[in-house]
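Tertiary structure, described
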Amino acid sequence: MLRLLLLLATLALPGPLAAQDRPAVERQFRGWLEQRIWPRAREDGVSRGVFEAAFSGVTLDWDLPDLVPPGTSGTAPRRQRQAEFASPGAYFRRGAVEGAASVGRQMAARHARALSRVERATGVPGHVILAIWGRESAYGRAAIPHDAFRVLGTKGFMDRRADYFTTELLAALRIAQAGHVAPRAMKSSWAGALGQPQFMPSSFLAHAADGDGDGRADIWRSEADTIASIGTYLARHGWVAGRDWGFEVRVPASVSCALEGPDQGRAIRDWAGMGITRVSGRPFPDHEARAEGFLLMPAGRHGPAFIVTPNFYVLKDYNMSDLYALFVGHVGDRIAYGSGDFAGRWGAVGGLMRSDVAAMQRALEAMGHDVGGADGLAGYKTRRSIGRWQEATGQAATCFPDGAMKSALLR
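To keep things clear, this report deals only with the structure shown in the data block.

1. Focus: the pattern of salt bridges
Here the structure, examined in full by the defined rule, presents 19 salt bridges. Between Glu34 and Arg48 there is a salt bridge, with the nearest N and O atoms lying 2.8 Å from each other. Highlighted residues: Glu34 in helix H3 (residues 22-43) and Arg48 in helix H4 (residues 48-55), separated in sequence by 14 residues. A relative accessible area of 36% places Glu34 in the partly exposed class. Across the pair Asp341 and Arg94 runs a salt bridge, and its minimum N-O distance is 2.7 Å. On the criterion of sequence distance, the pair formed by Asp341 in the loop between helix H16 (322-337) and helix H17 (354-366) and Arg94 in helix H6 (residues 94-110) is long-range, its members being 247 residues apart.

In structure tokens:
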């Protein structure tokens, strides 16, 4: 008993002290694989041979984030800043946008037949598929260096979201069992996302497609399979053929930024009737004007504004981030139409700690606002709640948190 207590106490220590007992945790990991994962994998139809090939020589990756080794509390400090909400403009660095669009145009010519075939089958435009491919893996040029079974095994065994990663680990075993890729060739990101489209294993099983007709969905080496898989994913998530993703607009002061959000849609012609205009000066296309659109202001009054369509939220399903979906739509437009930079400029916003934003969110919740959870991230529910509070207190609504707002909300 004393030895066990000493072991647990040592595992709870930080850094080099905890490292002394990593061999003991590695043994626990091997036991977990045999006792917890193998029985479930066998029920899923995974053979013993595939299971052993997947974990042969695999050890824990102690460099991954958010790990909670056995015997520790799991209360280590978490990163306070998040780039998307701290400085939205940084997400659209000129080099990243122009590089993705330039290579995307080359890929559009190189893969014209595959893109056309997938667009006919799914209704998803080729330039949108290209923009996602470019963002996820630089059109297959980015290194995808991690062993998927090591990453998913580590995170399934001792991550803050262990249950989620255990489910993904079992899905990865099913992929290997089906013969899509050999276990040792299943490469992933540090978070377990697979191949050029960066699918989590469960998404692979649901949406990966064979684009070159060889009977496998090889999203690691086959560009045709990658293109087909991205198109299939978007189609199955509700892409509406014939509609755009959205339009950059000017929002007059008479239109409240608190009208933002996917649950406050109205016909685009009604938005236009309120005085919202496209930055290009052109009218909204007739077929779009009759259909539903939504106001999007990722930095509140401190950045570009958009009227987006339901397809924007399909892009967001690929990666739950407004700025991700906006980046993809914007790069796709540059690939297809040669579009330039946004007309609106990103202001110098952000810099707050997540704990500061969470404190403001809790204060707004106490007033009855729905901020989408006090997570310290300024999503659309938080942005518009700030706008509603500002309007109710006689302020000009900006719909984005700042330092001065914190003292006003918390006093």
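There is more to say after this.
2. Notes on the side chain of His207
Position of His207 among the secondary structure elements: in helix H11 (residues 201-207). What makes His207 buried here is its relative accessible area of 11%. Filtering out sequence-adjacent residues up to four positions away, His207 remains in contact with Phe199, Ser229, Thr232, Tyr233, Arg236 and His237.

3. Some remarks on the state of the cysteines
As enumerated under the stated definition, the model contains one disulfide in all. Disulfide pairing is shown between Cys257 and Cys399; the S-S distance is 2.1 Å. Here the disulfide of Cys257 and Cys399 is right-handed, its torsion about the S-S bond being about 85 degrees. Highlighted residues: Cys257 in the loop between strand E3 (246-250) and strand E4 (266-267) and Cys399 in the loop between helix H18 (380-392) and helix H19 (403-410), separated in sequence by 142 residues. Each member of the pair, Cys257 together with Cys399, is buried.

4. Brief notes about the packing of helix H7 (residues 112-122) against helix H8 (residues 126-137)
The packing of two helices is summarised by the inter-axis angle and the distance between the axes. Between H7 and H8, the least distance of the axes is 9 Å, while the angle of their chain directions is 115 degrees. Considering their axes alone, H7 and H8 lie roughly perpendicular with respect to each other. Here the hand of the crossing between H7 and H8 comes out right-handed. Between H7, through Leu115, Val118 and Glu119, and H8, the contact on the second element is made entirely by Gly126, Ile129 and Leu130. Residues of the contact of H7 with H8, tallied by class, amount to four nonpolar, one polar and one charged.

5. Observations regarding unusual backbone geometry
Here Ala138, not a glycine, exhibits a phi torsion of approximately 50 degrees, which is positive. Mapped onto the fold, Ala138 is located in the loop between H8 and strand E1 (146-147). For Ala138, a relative accessible area of 32% puts it in the partly exposed group. Positive phi, normally seen in glycine, also occurs at Cys399, with a value near 60 degrees. When its relative accessible area of 0% is taken as the criterion, Cys399 is described as buried.

6. A word on the sheet that holds E3
The strand order across the open sheet formed by five strands is E4-E6-E7-E3-E5, and the pairing between neighbours is antiparallel. Both edges of this open sheet fall to E4 and strand E5 (277-278), since each of them pairs with a single strand only. One ladder, built from three bridges, connects strand E6 (residues 292-296) with strand E7 (residues 305-308); its direction is antiparallel. Paired with Leu296 across the strands is Phe306, a residue of E7.

7. Some words on the packing of aromatic side chains
One pass over the full model with this rule turns up 25 aromatic pairs. On the numbers, 5.1 Å between centres and 50 degrees between planes, the contact of Trp38 with Phe51 is tilted. Of this pair, Trp38 sits in helix H3 while Phe51 is found in helix H4, placing the two residues 13 residues apart along the sequence. Taken as a pair, Trp38 and Phe51 share a single burial class, namely buried. With centroids separated by 5.1 Å and ring planes inclined at 85 degrees, the aromatic side chains of Phe312 and Tyr313 adopt a geometry described as edge-to-face. Each member of the pair, Phe312 as well as Tyr313, is classed as buried. Among the aromatic side chains, those forming a connected cluster through ring pairs are Tyr91, Phe92, Trp245, Phe294, Phe306, Phe312, Tyr313, Phe327, Phe342 and Trp346. Across the ring face of Tyr91, the terminal group of Arg135 is positioned such that the distance to the ring centre comes to 4.5 Å. The ring of Tyr164 is capped by Arg161, whose NZ or CZ atom sits 4.8 Å from the centre of that ring.

Basis of the calculations
Residues numbered from 1 in each chain as written. Predicted model: local features only at pLDDT ≥ 70, side-chain atom pairs only at ≥ 80, totals over all residues. Heavy atoms only, no water. Salt bridge = Lys/Arg side-chain N within 4 Å of Asp/Glu carboxyl O. Helix = DSSP H or I, 4+ residues; strand = E, 2+ residues; numbered from the N terminus. Buried < 20%, exposed > 50% of the residue type's maximum accessible area, 1.4 Å probe, protein only. Contact = heavy atoms within 4.5 Å. Disulfide = S-S within 2.5 Å. Axes fitted to C-alpha atoms, helices over the stretch in contact; angles between N-to-C directions. Parallel < 35°, antiparallel > 145°, perpendicular 65-115°, else oblique. Left-handed = near helix turned anticlockwise from the far one by under 90°. Nonpolar A, V, L, I, M, F, W, Y, C, P; charged D, E, K, R; others polar. Pairing = 2+ DSSP bridges. Phe/Tyr/Trp six-rings, centres within 6.5 Å; stacked < 30°, edge-to-face > 60°. Lys NZ or Arg CZ within 6 Å of the ring centre and 35° of its normal.

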